[in-house]
Amino acid sequence: VVFHNTLGDSFVPIKGCYNIALPFHEWSEYPKNWIKLLNKFDEVWTTTDHILNVLKRGGLISPVFRIPPALDSESTPEKQNWNLSEKPKFFFVGEPHFRKGHHLLMQGFMKAFPETGSALLTIKTSPSCNWESPRKDISIIKEDWSRDKLLAEYTKHDCFISVSLGEGLGLPIAEAIMAKLSICTNFGGGHKSLLTDGGFIEIPHEEIIQPFTSDPAFYAENQKCAYSSPVRVKNALEQFLKTTPAERKEMTQIAKNNFLKTYGRENALKNIESRL
């Protein structure tokens, strides 16, 4: 049995083996030429319903199963105090790619907090980032961190906020859930498999045509993305500020309990073993 955890044209089955593809995809449509490659596999495993449905809609005929991974396999520190910081601290993790919606996040933050310094937004990205912060209270960290350092960072903030335009899964959301950090984000794509009612503050979004792509090979006609306007980001941030410490604590517990039903080791490993 060979697992292929790769992307696009790299999905090439190995002769004489039982080949299982592990594709990820963020947008609402999957490139047709990639579907043809996946149809040469013995079966396909997806992490979320979003990816499974995108593949089926795209013409996948190979057997496909949603087999969620165990995402609680690391030792993630948990928040112990849900009182707001004197200056509320918001956190986001994501590569410097338009898909992550940094532009929408920063504009929404500045609308919610027009007075510089009344709140703080930290964006953890990678050294490849070549743009600068628009304001002193928006900190952009362009460093490579160890996993331990990254996971410990979540508990230092009051809320994780993401306005990503598309996620096949949304690993930082999963990390925030495990850290019991309050979350503001949209309810679309892979987020639907990670989150549940009462476990986060929803940023409303519209599904709009996604006209941009980092590589033409990633494009499929009629791809859509989840667009949350800066005004909606602002409104969600203001909604979060109105919650009480008890409400924030309860929200994080609801989120974690729901998350572990699918992505906790006990259930995830049973599903993997059963499929194998």
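As shown above, the structure is provided for reference.
Residues numbered from 1 in each chain as written. Predicted model: local features only at pLDDT ≥ 70, side-chain atom pairs only at ≥ 80, totals over all residues. Heavy atoms only, no water.

A. Seen up close, the overall build of the protein chain. When its secondary structure is counted, the protein chain shows 9 helices and 12 strands. Here the C-alpha coordinates of the protein chain stretch approximately 60 × 40 × 35 Å along the principal axes. The distance from the centre of the 33 positive side-chain charges to the centre of the 32 negative ones in the protein chain is 1 Å. (Helix = DSSP H or I, 4+ residues; strand = E, 2+ residues; numbered from the N terminus. Lys, Arg positive; Asp, Glu negative; His and termini not counted. Charge placed at Lys NZ, Arg CZ, Asp CG, Glu CD.)

B. Quick peek at the nonpolar core. In this structure, Phe90, Phe109, Leu121, Tyr154, Phe160 and Ile161 are the most contacted members of the largest nonpolar core, which totals 52 residues. Tallying contributions element by element places helix α3 (residues 102-112) first for this core, with 6 residues. Beyond its immediate sequence surroundings of up to four residues, tyrosine 154 is in contact with Phe91, Val93, Phe160, Pro172, Glu175, Ala176, Ala179 and Leu181. Among the nonpolar cores identified, the runner-up in size contains 15 residues, and Leu37, Leu38, Ile51 and Leu60 belong to it. (Core = buried A, V, L, I, M, F, W, Y, C linked by side-chain atoms within 4.5 Å. Buried < 20%, exposed > 50% of the residue type's maximum accessible area, 1.4 Å probe, protein only. Contact = heavy atoms within 4.5 Å.)

C. Expanded view of the sheet that holds strand β8 (residues 159-162). Taken together, the 6 strands give an open sheet; going across it, the order is β7-β6-β5-β8-β9-β10, and neighbouring strands pair in parallel fashion. With one partner strand each, in any of the chains shown, β7 (138-142) and β10 (201-202) form the two edges of the open sheet. Across the sheet, α3 touches β5 (89-93), β6 (120-125), β7 and β8, and the angle it forms with β6 is around 170°. (Pairing = 2+ DSSP bridges. Axes fitted to C-alpha atoms, helices over the stretch in contact; angles between N-to-C directions.)

D. Expanded view of empty space enclosed by the protein. All chains considered together, the criterion is met by 2 cavities of 30 Å³ or more. Taken as a whole, the largest cavity holds about 50 Å³ of empty space. What lines the largest cavity is simply Phe92, Val93, Lys100, Phe160, Ser162, Glu167, Gly170, Pro172, Ile173 and His191. Of all the elements in the fold, those that place two or more residues in the lining of the largest cavity are β5, β8 and α5 (171-178). In this structure, the second largest cavity encloses a volume near 30 Å³. Around the second largest cavity, the lining residues are Lys79, Asn81, Trp82, Asn83, Leu84, Asp158, Ser182 and Arg248. For the lining of the second largest cavity, the per-class residue count stands at 2 nonpolar, 3 polar and 3 charged. (1 Å grid on protein atoms, 1.4 Å probe; cavity = no way out; pocket = protein on both sides within 12 Å on 5 of 7 lines; lining within 4 Å. Points joined across faces, edges and corners; volume = space filled by probe spheres on them. Nonpolar A, V, L, I, M, F, W, Y, C, P; charged D, E, K, R; others polar.)

E. Representation of the pattern of salt bridges in the model. Inspection of every chain in the model, using the stated rule, returns 15 salt bridges. A salt bridge links aspartate 72 to arginine 265; the shortest N-O distance between them is 3.6 Å. With a gap of 193 residues between them, aspartate 72 in the loop between β4 (64-66) and β5 and arginine 265 in helix α9 (residues 265-275) connect regions that are remote in the sequence. Across the pair lysine 270 and glutamate 266 runs a salt bridge, and its minimum N-O distance is 3.8 Å. Note that lysine 270 and glutamate 266 are positioned in helix α9 at a spacing of 4 residues, about one turn of the helix. Put simply, Glu26, Arg99, Lys100 and Glu167 are held in one network by salt bridges that share partners. (Salt bridge = Lys/Arg side-chain N within 4 Å of Asp/Glu carboxyl O.)

F. Highlighting the packing of aromatic side chains. If you walk through the whole model with that rule in mind, you get 16 aromatic pairs. Plain terms: the ring middles of phenylalanine 91 and phenylalanine 160 are 6.2 Å apart, the flat faces sit at 80° to each other, and that makes the pair edge-to-face. Of this pair, phenylalanine 91 sits in strand β5 while phenylalanine 160 sits in strand β8, and the two are 69 residues apart along the sequence. Accessibility assignment for this pair places phenylalanine 91 and phenylalanine 160 in one class, buried. Where phenylalanine 259 meets tyrosine 263, the ring centres are 5.4 Å apart and the plane angle is 25°; that geometry is what we call stacked. (Phe/Tyr/Trp six-rings, centres within 6.5 Å; stacked < 30°, edge-to-face > 60°.)

G. Inspection of the packing of α3 against helix α7 (residues 230-241) at higher detail. For the pair α3 and α7, interaxial distance at closest approach is 7 Å and the crossing angle is 55°. In this view, α3 runs oblique relative to α7, as classed from their interaxial angle. Relative to α7, α3 is oriented so that their crossing is right-handed. In contact with Leu104, Leu105, Gln107, Gly108, Phe109, Lys111 and Ala112 of α3, α7 contributes Pro230, Val231, Val233, Lys234, Leu237 and Glu238. In terms of residue class, the contact of α3 with α7 is built from 8 nonpolar, 2 polar and 3 charged. (Parallel < 35°, antiparallel > 145°, perpendicular 65-115°, else oblique. Left-handed = near helix turned anticlockwise from the far one by under 90°.)

H. A look at the sheet that holds strand β1 (residues 2-4). Spatial strand order, β1-β2-β3-β4: 4 strands in an open sheet with parallel pairing. Pairing within the sheet leaves two strands with one partner each, and these edge strands are β1 and β4. Here the average twist between neighbouring strands, direction ignored, is 25°. For strand β2 (residues 19-21) and strand β3 (residues 43-46), the ladder comprises 2 bridges, and the chain directions are parallel. What sits directly across from isoleucine 20, in β3, is glutamate 43. This element, helix α2 (residues 49-57), spans β3 and β4 of the sheet and lies at about 165° to β4.

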